[in-house]
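# Descriptive analysis of the structure
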Amino acid sequence: EAQVTQNPRYLITVTGKKLTVTCSQNMNHEYMSWYRQDPGLGLRQIYYSMNVEVTDKGDVPEGYKVSRKEKRNFPLILESPSPNQTSLYFCASSFRTSGGDLEQYFGPGTRLTVT
Amino acid sequence: GIQVEQSPPDLILQEGANSTLRCNFSDSVNNLQWFHQNPWGQLINLFYIPSGTKQNGRLSATTVATERYSLLYISSSQTTDSGVYFCAVEFNRDDKIIFGKGTRLHILP
C-alpha cells in the first residue's frame, strides 16, 4: 500500500530536549516536505527536499533542521524545542512528472506539545 | 508578496445543498491542489488542477490560471463532506508550496 508514515503520532516534551520526527514514504517520490498547521494560519511549509541531499527552506524554517540521506526518509529535527513549536506537523511526498505535475500525499500528522 | 486567499472562511449548509469554494492566488502557478481535511485531521488529496476542469463524483474543480483563481464545487452535500478545504499552490518562481488558510465547511443533517 502506497503511504507516507510519520512517527511518533503524538509527543509531549519539555523545552530544550532534542527530538526527531521521522517521515518515510514507499512511493519512490523525489519531493518531500514538512508543514506545520496552526489554528487560523493553515499549513505552512517548514522545509522541502527536491531529492537526496538537496534541501531548502520553506516559509517557517527557524528552529528546525532536516536531512535527506535516502530518498524514502525525511526526518524533522528540533534541536532545542520551544513552546511556540507546539503544533500539528505533516510530512508530505510528491512525484513530479516530466510535464511538471506535482501531486502531494500527506502523512497522518504528528501532534507535538512542548511545555 | 505571494498570497493564496480562500473564501469564505466558514460555511454552514444543510445536507443536500450545493456549495462553491474559492481560491485566489497572486502569481502564475505551476501546480494547484485541493485538499480536504476531515474532522480527524487527515489530509485527503481531492484534485490536482493547475488549469482546466475536473470532476470526481459530487465534486468538481475549475482553475482559470489567467485570472488567478480556482473554484471547488460540492453538489448535494453530505455530512461526511464536513471539514476544512485547503488549496495549495506552487508558484512558478520557486518550488515552495503555499497553502491558503482554508474554508471550514459544516454540513448539518
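So, how was this worked out
- Going along each chain's sequence as written, the residues are numbered from 1 onward.
- Throughout, the order in which chains and ligands are written sets their labels, letters from A for the former and numbers from 1 for the latter.
- With the structure being a predicted model, the display of local features is reserved for residues of pLDDT at least 70 and the display and counting of side-chain atom pairs for 80 or more, all residues being used for whole-chain, interface and lining totals.
- Only hydrogens and water are set aside; all other atoms, that is, all heavy atoms of the structure, feed into the side-chain values.
- Only DSSP runs of H or I covering at least 4 residues are called helices, and only runs of E covering at least 2 are called strands; the numbering of each starts at the N terminus.
- Restricting the calculation to C-alpha atoms gives the radius of gyration, and the globule rule supplies 2.2 Å times the number of residues raised to the power 0.38.
- When accessible area is computed with a 1.4 Å probe and restricted to protein chains, residues below 20% of their type maximum are described as buried, those above 50% as exposed, and intermediate ones as partly exposed.
- Here, residues are in contact when the closest pair of their heavy atoms is within 4.5 Å.
- Only the protein chains shown count as cover for residues, and all accessible areas are computed by the Shrake-Rupley method using a 1.4 Å probe.
- In this count, Lys and Arg are taken as positive residues and Asp and Glu as negative ones, while His and the chain termini are left out.
- Where a charge lies is defined by one atom per residue type, namely NZ (Lys), CZ (Arg), CG (Asp) and CD (Glu).
- Any pair of Phe, Tyr and Trp rings, taking the six-membered ring for Trp, is counted once the centres come within 6.5 Å. Such a pair is stacked with planes under 30 degrees apart, edge-to-face with planes over 60 apart, and tilted for the rest.
- Only lysine NZ and arginine CZ atoms are considered, and such an atom sits over a ring when it is within 6 Å of the ring centre and within 35 degrees of the ring normal.
- Should DSSP find at least two bridges between two strands, the strands are regarded as paired.
- We define buried area as the total accessible area lost by two parts upon association, computed with a 1.4 Å probe and summed across both.
- For this analysis, a salt bridge means a side-chain nitrogen from Lys or Arg found within 4 Å of a carboxyl oxygen belonging to Asp or Glu.
- We call two N or O atoms a polar contact when they sit within 3.5 Å, provided that within protein one can donate a hydrogen and the other can accept it, with sequence-adjacent residues counted only if both atoms are side-chain atoms.

## Overview of the overall build of chain B
If you tally the helices and strands in chain B, you get 0 helices and 11 strands. Secondary structure of chain B in N-to-C order comes out as β-β-β-β-β-β-β-β-β-β-β. By the compact-globule yardstick of 13 Å for 109 residues, chain B fits well, its C-alpha radius of gyration being 13 Å. For chain B, the proportion of its 109 residues judged to be buried stands at 49%. Considering only contacts in chain B between residues 6 or more positions apart, those separated by 24 or more positions represent 55%. Looking at chain B as shown, the accessible area adds up to about 5200 Å², and 46% of this sits on carbon and sulfur atoms. For chain B, the separation between the mean place of its 8 positive charges and that of its 9 negative charges on side chains is 1 Å.

## Here we look at the packing of aromatic side chains
Using the criterion set out here, one finds 9 aromatic pairs over all chains in the structure. Each ring, one from Y31 of chain A and one from Y48 of chain A, has its centre 5.8 Å from the other, and the planes form 10°; the classification is stacked. Taken together, the residues Y31 of chain A in strand β4 (residues 31-38) and Y48 of chain A in strand β5 (residues 42-51) connect sequence positions 17 residues apart. One exposure class covers both Y31 of chain A and Y48 of chain A, and it is buried. With centroids separated by 6.1 Å and ring planes inclined at 75°, the aromatic side chains of F86 of chain B and F99 of chain B adopt a geometry described as edge-to-face. With F86 of chain B in strand β9 (residues 83-91) and F99 of chain B in strand β10 (residues 97-99), this pair connects stretches of sequence that are 13 residues apart. On the accessibility criterion, F99 of chain B (6% relative accessible area) is buried. The rings of Y35, F90 and F106 of chain A together with F35, F86 and F99 of chain B are connected pair by pair, giving a single aromatic cluster. For R68 of chain A, the ring lying beneath its charged end belongs to F74 of chain A, and the centroid distance is 6.0 Å. The ring centre of Y69 of chain B lies 4.2 Å from the NZ or CZ of R22 of chain B, which sits over that ring.

## Focus: unusual backbone geometry
In this chain, N7 of chain A is followed by P8 of chain A through a cis amide linkage whose omega measures -5°. Of note in the backbone geometry, R68 of chain B takes a positive phi value of approximately 60° without being a glycine. Mapping R68 of chain B onto the fold places it in the loop between β7 (59-64) and β8 (69-74). Unusually for a residue other than glycine, S76 of chain B sits at a positive phi of about 45°. Inspection of the secondary structure assignment puts S76 of chain B in the loop between β8 and β9. When its relative accessible area of 39% is taken as the criterion, S76 of chain B is described as partly exposed.

## Digging into the sheet that holds strand β3 (residues 19-25) of chain A
All names here are of chain A. The sheet built from 4 strands is open, its strands ordered β1-β3-β8-β7 with antiparallel pairing. Two strands in the sheet have a free side with no partner beyond their single neighbour: β1 (4-7) and β7 (65-66). Looking at chain direction, β7 and strand β8 (residues 76-78) are connected through 2 bridges and run antiparallel. Each residue of the ladder has a partner; that of V66, found in β8, is L76.

## Examining the interface of chain A and chain B
Chain A puts 23 residues into the contact, and the matching count from chain B is 17 residues. Of the roughly 1700 Å² buried between chain A and chain B, counting both surfaces, carbon and sulfur atoms make up 52%. The tally of links from chain A across to chain B stands at 1 salt bridge. Between D59 of chain A and K96 of chain B there is a salt bridge, with its nearest N and O atoms 3.9 Å apart. If you look at where chain A meets chain B, you find 3 residue pairs in polar contact (both at pLDDT 80 or more). Broken down by secondary-structure element, the contributors of at least two residues to the side of chain A that touches chain B are β4, β5, β9 (87-96) and β10 (102-106) of chain A.

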